[in-house]
Each structure stands twice: as structure tokens, then as C-alpha cells.
Amino acid sequence: QVQLVESGGGLVQAGGSLRLSCVASGRTFSSYHMAWFRLRPGKEREFVAAITYSGGSTYSPDSVNFTISRDNTKNTVYLQLNSLNSEDTAVYYCAATQKWTYYRGNRNEYDYWGQGTQVTVSS
């Protein structure tokens, strides 16, 4: 069982930056692939970025320009959001899985989810 708690969201002006954090409980964090998704108003939850259990590889859609990283000594995964605009306003969720089966951007691949952190970008 893994529990995930996100933080770092807030209100930021367009062009600004934020760093989101997701802290995982348990001693097996380093065995989980991690990802960030977001839920924008009126849209479905969408894949933002993923990182392998070791941190050796990262993945994100071409349309996204955020950076995912992790520190396994702190049981934490991060998402650096730069050059934010109003389209980035969303609730951001972190998710965990021990195995990708088909596509790492599919939310059904993930077994554990955090409660989300709100990011609001003002124009």
C-alpha cells in the first residue's frame, strides 16, 4: 500500500513557475514508477509526465513542457512547472505503479493516487 500526498500548488501569474511535490509513504517508493496527471476544467484527466522507479528515464507528451524528477531518499517526486499560462490551471495528481503494461500515459496503469493539488494561473 502506498499513500501519496501532493503539495506546492497555488495561485501564480502567467509566466510564473511552481514546483509540485508528492511524498509517498512506505519503504518501497524506489520500486514504483511515478507520474503526474492533471484535470483541467471541463476536460478529462490527462497525462503530464512519468519517471521510472530509478529516475533514469522520464516521459511526457510533446505538448507538455514540464520537468519531472524524484528523490528516492526522500520518497518524493517533483514536477517543475515553468512558463505557466491559464491553460495550465488544473488539479495536479501524482500516481504510482510498479509496472507499466501498455502505455505509461494511461491513467488505468496506476494503482495509487494522491488527493491532488490545485494550480491556478492568472492572466
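S.K.: How would you explain the environment of Ser-54 if you had to name every residue and give the values?
M.R.: Structurally, Ser-54 can be placed in the loop between β5 (46-51) and β6 (58-59). With sequence-adjacent residues up to four places away left out, Ser-54 is seen in contact with Arg-70 and Asn-72. Among the polar contacts made by the side chain of Ser-54, one reaches the main-chain amide nitrogen of Gly-56 at a distance of 3.1 Å.

S.K.: Help me get a handle on the state of the cysteines, residues and values and all.
M.R.: Where two cysteines share a covalent bond between their sulfur atoms, that bond is called a disulfide. Following the criterion strictly, the structure yields one disulfide and no others. In this model Cys-22 forms its disulfide with Cys-94; the gap between the sulfur atoms is 1.9 Å. As the torsion about the S-S bond is roughly 50°, the Cys-22-Cys-94 disulfide counts as right-handed. Of this pair, Cys-22 sits in strand β3 (residues 18-24) while Cys-94 sits in strand β9 (residues 90-97), and the two are 72 residues apart along the sequence.

S.K.: Pulling in residues and values, what's your account of the nonpolar core?
M.R.: Within the largest apolar cluster, 28 residues are counted, with the highest numbers of intra-cluster contacts made by Leu-4, Met-34, Trp-36, Leu-79, Leu-81 and Tyr-92. Every element with two or more residues in this core is listed here: β3, β4 (33-39), β5, β8 (76-81), β9 and β11 (117-122). For Met-34, the contacting residues outside a window of four places in its chain are Leu-4, Cys-22, Phe-29, Ala-49, Ala-50, Ile-51, Ile-68, Arg-70, Val-77, Ala-95 and Ala-96. Of all hydrophobic cores here, the second largest spans seven residues; its members include Ala-35, Phe-37, Phe-47 and Ala-50.

About the thresholds
- Residues numbered from 1 in each chain as written.
- Predicted model: local features only at pLDDT ≥ 70, side-chain atom pairs only at ≥ 80, totals over all residues.
- Heavy atoms only, no water.
- Helix = DSSP H or I, 4+ residues; strand = E, 2+ residues; numbered from the N terminus.
- Contact = heavy atoms within 4.5 Å.
- Polar contact = N/O pair within 3.5 Å; in protein donor to acceptor, adjacent residues only side chain to side chain.
- Disulfide = S-S within 2.5 Å.
- Core = buried A, V, L, I, M, F, W, Y, C linked by side-chain atoms within 4.5 Å.
- Buried < 20%, exposed > 50% of the residue type's maximum accessible area, 1.4 Å probe, protein only.

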